[in-house]
Amino acid sequence: MTLPYRGRFAPSPTGRLHFGSLVAALGSWLHARAAQGRWLVRIEDLDRDREVAGAAQDILATLAALGMSSDETVLLQSARQPVYAAALQRLAAADAAYRCWCSRADLAAVGGIHPARCVARPTARPPAWRLRVGKAAIGFDDRICGHCHQSLAADVGDFVIWRADGVCAYQLAVVVDDAAQGITEVVRGVDLLDSTPRQILLQRLLDLPTPRYAHLPLVLDAQGRKLSKHEAARPVVASDPLPALRAALGFLGQPIPAADHVGDLLAQAVRGFAADRIARPTEAAIAAARNASAQ
Ligand code: GLU
């Protein structure tokens, strides 16, 4: 039995909604609506240092002006630390996770990837927690990018699931929340393609279902860099939503309806939606996105 479709958009409140995040929002919304599914919004506000005051409310208001609002209560990651802590405890109890005091500099000296045996010795400072990846090699079929495969030991190494500053890391939080929200389909930017095997490993270790994945091409600037909220990426103008929606539909390879009201434009876009018109990101674009997200 296939579960009813539940998709999501999970912005980090590090700035206003720009064209790149609009593409991710609209791409996930169209997939959900074309499958008569539900679409949820989650604010990924764990990283308090990167958060911009008011950005979460601003993103939600802009999405509403663009005709896209969460079908259920918006989940705030900052309110969910105890749930993530329980997941960490479970992994630690199964000896799938361990405390680590290695610094970036320690790891840079051994080639950048954690060698599964800590380089640094315990100190009085609080540790991070890493997941043991063992020999895990994970493959999955992405709806847009096709078959993807990654050897976690060779490409990633034991990775941080709980930061030394006491905050749950993105990889663990996203897995716990996708399951808590019953997400069946994750549609997001291709910069997160190579996080997906880490997330699938965590789902397996926590006995959580693996959703289907579709990674959208990224909007890159003229230098081939991802448009980030930190750069001068122009925010979407909430008071004039149609040009941005039309441009995002065009970027996703979809027909652009002539309608001049947001509701009509979106309704026609859903009727005309064909997932196979979305361009498959090229290997070069995937590599550029990966570099951009690592910076
Ligand atoms: N919060 C992440 C971002 O804004 C997206 C996470 C996800 O879709 O899994 O880049």
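The structure we're discussing is the one just above.
Note that the structure is predicted; figures quoted are calculated from it, not measured.

Brief notes about the overall build of the protein chain
Right, on to step 1. In terms of helices and strands, the protein chain carries ten helices and ten strands.
Right, on to step 2. Radius of gyration (C-alpha) of the protein chain: 19 Å, near the 19 Å computed for a compact globule of 295 residues.
Right, on to step 3. Across its three principal axes, the protein chain shows a C-alpha extent of roughly 65 × 45 × 40 Å.
Right, on to step 4. Expressed as a percentage of its 295 residues, the buried residues of the protein chain come to 49%.
Right, on to step 5. A separation of at least 24 residues holds for 75% of the contacts in the protein chain among residues at least 6 apart in sequence.
Right, on to step 6. Carbon and sulfur atoms make up 53% of the accessible area of the protein chain, which totals about 14,100 Å².

As for the pairing of strand β6 (residues 137-142)
Right, on to step 1. Side chains Ile-138, Phe-140 and Asp-142 of β6 all project onto a buried face; the interleaved residues Ala-137, Gly-139 and Asp-141 project onto a face where none is buried.
Right, on to step 2. Sheet topology note: the β6/strand β7 (residues 146-151) ladder contains six bridges and is antiparallel. The partner of Asp-142 across the bridge, within β7, is Gly-146.

Considering the site of the ligand
Right, on to step 1. The environment of the ligand is formed by Arg-8, Ala-10, Pro-11, Ser-12, Glu-44, Tyr-170, Val-174, Arg-188 and Leu-192.
Right, on to step 2. A distance of 2.6 Å is found between an oxygen atom of the ligand and a side-chain nitrogen or oxygen belonging to Arg-8.
Right, on to step 3. Contact distances for the ligand include 2.8 Å between an oxygen atom and a side-chain N or O atom of Arg-188.
Right, on to step 4. Classifying every residue of the shell around the ligand by side-chain character gives five nonpolar, one polar and three charged.

Observations concerning the packing of helix α1 (residues 19-34) against helix α9 (residues 262-272)
Axes are the key here: two packed helices are described by the angle between their axes and the distance separating the axes.
Right, on to step 1. Orientation of α1 relative to α9, taken along the N-to-C sense of each, is 65 degrees, at an axis distance of 9 Å. The orientation of α1 with respect to α9, classified from their angle, is roughly perpendicular. Crossing handedness for the pair α1 and α9: right-handed. Seen from α1, the contacting residues are Leu-26, Trp-29, Leu-30, Arg-33 and Ala-34; seen from α9, they are Leu-266, Ala-269 and Val-270.

So, the sheet that holds strand β4 (residues 97-100)
One key point about sheets: their strands pair by backbone hydrogen bonds, in either a parallel or an antiparallel sense.
Right, on to step 1. Ordered by their spatial adjacency, three strands build an open sheet running β4-β5-β8, and the pairing between neighbours is antiparallel. Each having just a single partner strand, β4 and β8 (159-162) make up the two edges of the open sheet. If you compare each strand with its neighbour and ignore which way they point, the axes differ by 45 degrees on average.
Right, on to step 2. Pairing geometry for strand β5 (residues 128-131) and β8, over three bridges, is antiparallel. Considered in β8, the bridge of Trp-129 is made with Trp-162.

Here's the deal with the state of the cysteines
Right, on to step 1. Evaluated as defined, the whole model comprises zero disulfides.
Right, on to step 2. Summary of cysteine pairing: Cys-100 is not part of a disulfide, and the nearest cysteine sulfur, belonging to Cys-118, is at 3.6 Å.
Right, on to step 3. Cys-100 supplies the cysteine sulfur nearest to Cys-102, a cysteine that is in no disulfide, at a spacing of 3.7 Å.
Right, on to step 4. Cys-102 sits in the buried class, given a relative accessible area of 12%.

Examining the sheet that holds strand β2 (residues 38-43)
Right, on to step 1. With parallel pairing, three strands are arranged side by side in an open sheet as β1-β2-β3. A strand with exactly one partner marks an edge of an open sheet, and here the two such strands are β1 (6-9) and β3 (75-76).
Right, on to step 2. Across two bridges, the pairing between β2 and β3 is parallel. In the strand pairing of β3, Ile-43 is matched with Leu-76.
Right, on to step 3. Across the sheet, α1 is in contact with β1 and β2; its angle to β2 comes to roughly 150 degrees.

Some words on the side chain of Thr-196
Right, on to step 1. Along the polypeptide, Thr-196 turns up in helix α7 (residues 196-205).
Right, on to step 2. Thr-196 has contacts with Phe-140, Arg-188, Tyr-213 and His-215, leaving out every residue within four places of it along the chain.

A short note on the nonpolar core
Right, on to step 1. Counting residues in hydrophobic clusters, the biggest one holds 39 residues, and the most contacted among them are Leu-91, Leu-131, Ile-161, Leu-172 and Leu-202.
Right, on to step 2. Listing elements by their share of this core, those giving two or more residues are α3 (81-93), β5, β6, β8, α6 (170-180) and α7.
Right, on to step 3. Examining the composition of this core, we find that five residues originate from one element, α6, more than from any other.
Right, on to step 4. Excluding its chain neighbours within four sequence positions, the residues that come into contact with Leu-131 are Leu-91, Ala-96, Ala-97, Asp-158, Phe-159, Ile-161, Leu-201, Leu-202 and Leu-205.
Right, on to step 5. In terms of nonpolar packing, the next biggest core, distinct from the first, is built from 37 residues, Leu-22, Ala-244, Leu-245 and Ala-259 among them.

A closer look at unusual backbone geometry
Right, on to step 1. In the Ramachandran plot, Ala-116 falls in the positive-phi region, its phi being about 75 degrees despite a non-glycine side chain.
Right, on to step 2. Following the sequence through the fold, Ala-116 ends up in the loop between α4 (104-108) and β5.
Right, on to step 3. Of note, Asp-207 is a non-glycine position whose phi angle comes to about 55 degrees, a positive value.
Right, on to step 4. Among the secondary structure elements, Asp-207 is positioned in the loop between α7 and β10 (212-216).

Parameters at a glance
Residues numbered from 1 in each chain as written. Predicted model: local features only at pLDDT ≥ 70, side-chain atom pairs only at ≥ 80, totals over all residues. Heavy atoms only, no water. Helix = DSSP H or I, 4+ residues; strand = E, 2+ residues; numbered from the N terminus. Rg over C-alpha atoms; globule rule 2.2 N^0.38 Å. Buried < 20%, exposed > 50% of the residue type's maximum accessible area, 1.4 Å probe, protein only. Contact = heavy atoms within 4.5 Å. Areas by Shrake-Rupley, 256 points an atom, 1.4 Å probe, with all protein chains shown as cover. Pairing = 2+ DSSP bridges. Near = heavy atom within 4 Å. Polar contact = N/O pair within 3.5 Å; in protein donor to acceptor, adjacent residues only side chain to side chain. Nonpolar A, V, L, I, M, F, W, Y, C, P; charged D, E, K, R; others polar. Axes fitted to C-alpha atoms, helices over the stretch in contact; angles between N-to-C directions. Parallel < 35°, antiparallel > 145°, perpendicular 65-115°, else oblique. Left-handed = near helix turned anticlockwise from the far one by under 90°. Disulfide = S-S within 2.5 Å. Core = buried A, V, L, I, M, F, W, Y, C linked by side-chain atoms within 4.5 Å.

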